[in-house]
Amino acid sequence: MKRYILALDQGTTSSRAILFQRCPSGEARMVGCAQKELTQIYPQAGWVEHDAEEIYASQTEVMIRVLRETGIAASEVGAIGITNQRETTIVWDKTTGRPIHNAIVWQCRRTAPQCEQMKADGCEPYIRENTGLLIDAYFSGTKIKWLLDNIPGARERAYRGELLFGTVDTWLIWRLTGGKVHATDYTNASRTMLFNICTQSWDENILYELDIPKYMLPDVYPSSHIFGTTVVEGAEIPIGAAAGDQQAALFGQACFDKGEGKNTYGTGCFLLMNLGKQMCLSSHGMLTSLSAGSDKRAGYVMEGSVFVGGAVVQWLRDELGLIDRAADSEFFAAQVPDNGGVVLVPAFTGLGTPYWDMYARGTLFGLTRGTGRNHIIRAALESIAYQSRDLADALLGDTGMPLTSLKVDGGASANQFLMQFQADMLDCPVLRPEIRETTALGAAYLAGLAIGLWENTEDIRKQWVLETRFDPHMGGEEREQLLERWHRAVSRSREWLRQEEI
Ligand code: ADP
């Protein structure tokens, strides 16, 4: 049995390839990593694109590089697992393989007016109940429509069956298999706003509403599935998995059972909870999507998102110049005994779950003559934890299940101050695993399952190893006081912009 798995992690800012080895104990050990930055294209305010060719080229470049750097032959790799930025939309010509336009990235707001129109037309309840999502420019549906509306001749070509649509996983699979396989997985499909998560098939009504022909959509499979094979340096390797990044991270954190959840502290924060086989819709601004796994019928996850998580630390560094490195925020925050009454609401791009307020903007409250930079740094870190606590409250409201512990990952989870404050705000233990590359790890496990390198999820669960446990120490009164002040600050930051100012 070949013991190596190659995880391809195609993210918003970079393409990465991480090589894992299954040790005899069953542990997945990281043996190498290669990364390449991806060019961000901003054609106008609020628009974000990537070059789809660059996505593929950078991904294959890092794949080859990690093999060469580690000296592992491609013939020793048992499978490739793909994990990717979700919702980003690519449409290409089936014959030439050429994209008809740059990839429209999930962050791109160009279809916001189209979304407003759909809401005005009364589409929201149907979309909520059948896709688990809100109508928003994030999701792929209106991005495809935009391409078909705006690229001359595109809709006619699509109806003639000449064009294909894919999220990034689909594009990579299609290219890696030399145009033989046009497929996606449940997790990515469930973020398009075109996929019915109840019937687990493309939704004809939504396709009709958006005037998108079904021929251009990929076939949908479980995340752990042999999608096809690709040839790397002369060796034929199966593509054993595809999964959207957040669901892959949930899998990498071994959250396989109902009620198990994780929070990722990257640029934004994403808290996902496994709902098992039972679909549940949120009335607190959470989204319902499909989970990664190997079952023919996918399970459900509930997801809450914070737009600005670790990014608030980047802001301290790059815009305010208060720190030189993100990691220094921990030291400075600990120099003051408390936040000194300062509350920062980092609503730089509006607020996500549970508020969904695109008119909110960042605000800094409680400044006095005694406020110093350490208070602001501390308030910035605290804001990440408060926002995550809001996600946990929304989850509790929807599922009735309080968190008994929270697994964490992502760049900012390295921050001890933040993790301790998070445990205090949640009043439950925060568990940080040894391997924090959980997105790539999840993709590797899913691919490994597909080829039998791990037998089942129980086999994988045993491999989750705790690095640090943060227990709550704060008293209830202090916590409530801080949360009350946070919510007061949030309410004042809301609906700051007028519609015409956005
Ligand atoms: P993404 O995958 O979204 O690019 P990462 O998981 O790589 O994000 O995390 C990067 C983010 O985490 C950045 O926004 C950075 O500011 C923040 N970050 C990284 N290290 C720390 C730290 N020690 N303390 C606080 N924030 C951090």
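As shown above, the structure is provided for reference.
Residues numbered from 1 in each chain as written. Predicted model: local features only at pLDDT ≥ 70, side-chain atom pairs only at ≥ 80, totals over all residues. Heavy atoms only, no water.

(A) Up close: the overall build of the protein chain. Secondary structure summary: the protein chain contains 16 helices and 23 strands in total. Against the globule reference of 23 Å for 502 residues, the protein chain gives a C-alpha radius of gyration of 22 Å, in line with a compact fold. On the principal axes, the C-alpha backbone points of the protein chain span a range of 65 × 55 × 40 Å. For the protein chain, with 502 residues in total, the buried portion stands at 61%. Here the contacts in the protein chain between residues at least 6 apart in sequence split such that 72% fall between residues at least 24 apart. Just so you have it, the protein chain exposes about 19,500 Å², and 49% of that area is on carbon and sulfur atoms. Of the charged side chains in the protein chain, 48 are positive and 62 negative, and the gap between their average positions amounts to 2 Å. (Helix = DSSP H or I, 4+ residues; strand = E, 2+ residues; numbered from the N terminus. Rg over C-alpha atoms; globule rule 2.2 N^0.38 Å. Buried < 20%, exposed > 50% of the residue type's maximum accessible area, 1.4 Å probe, protein only. Contact = heavy atoms within 4.5 Å. Areas by Shrake-Rupley, 256 points an atom, 1.4 Å probe, with all protein chains shown as cover. Lys, Arg positive; Asp, Glu negative; His and termini not counted. Charge placed at Lys NZ, Arg CZ, Asp CG, Glu CD.)

(B) Main features of the packing of aromatic side chains. Inspection of every chain in the model, using the stated rule, returns 17 aromatic pairs. Aromatic side chains tryptophan 47 and tryptophan 146 sit 5.7 Å apart centroid to centroid with 85° between the ring planes, which places their arrangement in the edge-to-face category. One end of the pair, tryptophan 47, is in the loop between strand S3 (28–37) and strand S4 (49–50); the other, tryptophan 146, is in helix H4 (residues 140–150), with 99 residues separating them in the sequence. Overall, the relative accessible area of 18% leaves tryptophan 47 in the buried class. Exposure remark for tryptophan 146: the relative accessible area of 16% places this residue in the buried category. Ring pairing ties together the aromatic residues Trp106, Tyr138, Phe139, Phe307 and Trp356, which thus form one cluster. Just above the ring of phenylalanine 270 sits the side chain of arginine 86; from NZ or CZ to the centre is 5.8 Å. Positioned over the ring face of tryptophan 146 is arginine 110, at 4.5 Å from the centre of the ring. (Phe/Tyr/Trp six-rings, centres within 6.5 Å; stacked < 30°, edge-to-face > 60°. Lys NZ or Arg CZ within 6 Å of the ring centre and 35° of its normal.)

(C) Inspection of the site of the ligand at higher detail. Taken together, 13 residues surround the ligand, and among them Thr267, Gly310, Gln314, Gly411 and Asn415 come closest. In this structure, threonine 267 approaches the ligand through a side-chain N or O atom, which is 2.6 Å from an oxygen atom. Backbone polar atom of glycine 310 to an oxygen atom of the ligand: 3.0 Å apart, as the coordinates give it. Here the ligand has 580 Å² of accessible area as a free molecule, and 69% of this is covered by the chains. If one sorts the elements of the shell around the ligand by residue count, helix H10 (residues 311–318) sits on top with three residues. Split by residue class, the shell around the ligand holds five nonpolar, eight polar and no charged. (Near = heavy atom within 4 Å. Polar contact = N/O pair within 3.5 Å; in protein donor to acceptor, adjacent residues only side chain to side chain. Nonpolar A, V, L, I, M, F, W, Y, C, P; charged D, E, K, R; others polar.)

(D) Helix H3 (residues 124–131), seen in detail. Three or more residues of H3 are buried, namely Ile127, Arg128, Asn130 and Thr131. Tucked into the core, H3 has its buried residues touching helix H2 (112–120), strand S10 (195–196), helix H8 (204–210) and strand S17 (287–290). Backbone geometry just downstream of H3 places glycine 132 in the positive-phi region, at approximately 80°.

(E) Spotlight on the state of the cysteines. This model, assessed by the stated rule, comprises zero disulfides. Cysteine 33 takes part in no disulfide bond, and the closest cysteine sulfur, belonging to cysteine 23, lies 17 Å away. Left without a disulfide partner, cysteine 280 is nearest to the cysteine sulfur of cysteine 198, which lies 12 Å away. (Disulfide = S-S within 2.5 Å.)

(F) Main features of the sheet that holds strand S2 (residues 14–22). Taken in spatial order, the six strands of this open sheet run S3-S2-S1-S5-S14-S13, and their pairing is mixed. Pairing within the sheet leaves two strands with one partner each, and these edge strands are S3 and strand S13 (224–232). The mean inter-strand angle of the sheet, taken between neighbouring strand axes irrespective of direction, is 25°. Summarising the sheet, strand S1 (residues 4–10) and strand S5 (residues 77–84) pair through seven bridges and their orientation is parallel. (Pairing = 2+ DSSP bridges. Axes fitted to C-alpha atoms, helices over the stretch in contact; angles between N-to-C directions.)

(G) Inspection of the sheet that holds strand S23 (residues 466–470) at higher detail. Ordered in space as S17-S18-S16-S15-S21-S22-S23, the seven strands form an open sheet in which the pairing is mixed. On the outer flanks of this sheet lie S17 and S23, each paired with one strand and no other. Looking at each pair of strands side by side, their axes are set apart by 30° on average, direction ignored. In terms of strand pairing, strand S21 (residues 406–409) meets strand S22 (residues 430–433) through two bridges, oriented parallel. Residue leucine 406 lies in a different strand from S22, and its bridge partner there is valine 430. Along the sheet, helix H13 (residues 416–426) makes contact with strand S15 (261–265), S21, S22 and S23, crossing S22 at roughly 145°.

(H) Broad picture of the pattern of salt bridges. Under the defined criterion, the tally for this structure stands at 36 salt bridges. Linking arginine 155 and aspartate 211 is a salt bridge whose minimum nitrogen-to-oxygen distance equals 3.2 Å. Placement of arginine 155 in helix H5 (residues 154–159) and of aspartate 211 in the loop between H8 and strand S12 (219–221) is noted, with a sequence separation of 56 residues between them. For glutamate 484, the salt bridge identified is with arginine 488, shortest N-O distance 3.0 Å. Of the two residues, glutamate 484 and arginine 488 both sit in helix H16 (residues 476–493), four residues apart, roughly one turn of that helix. Residue classification places arginine 488 among the partly exposed residues on the basis of a relative accessible area of 40%. Among the charged side chains, a salt-bridge network with shared partners connects Arg86, Glu87, Arg191, Asp245 and Glu303. (Salt bridge = Lys/Arg side-chain N within 4 Å of Asp/Glu carboxyl O.)

(I) Structural context of the pairing of strand S8 (residues 163–166). Neither face of S8 is open: one carries Leu163 and Phe165, the other Leu164 and Gly166, and all of them are buried. For strand S6 (residues 90–93) and S8, the ladder comprises four bridges, and the chain directions are antiparallel. From the neighbouring strand, tryptophan 92 faces S8, where its bridge partner is leucine 164.

(J) Expanded view of the layout of surface pockets. One number sums up the size of the second largest pocket: a volume of about 420 Å³. If you go around the second largest pocket, you meet 25 residues; those closest to its centre are Phe256, Ser291, Ala292, Gly293 and Asp295. Secondary-structure elements contributing two or more residues to the lining of the second largest pocket are helix H9 (245–252) and strand S16 (269–276). Residue composition of the lining of the second largest pocket, by class: nine nonpolar, ten polar and six charged. (1 Å grid on protein atoms, 1.4 Å probe; cavity = no way out; pocket = protein on both sides within 12 Å on 5 of 7 lines; lining within 4 Å. Points joined across faces, edges and corners; volume = space filled by probe spheres on them.)

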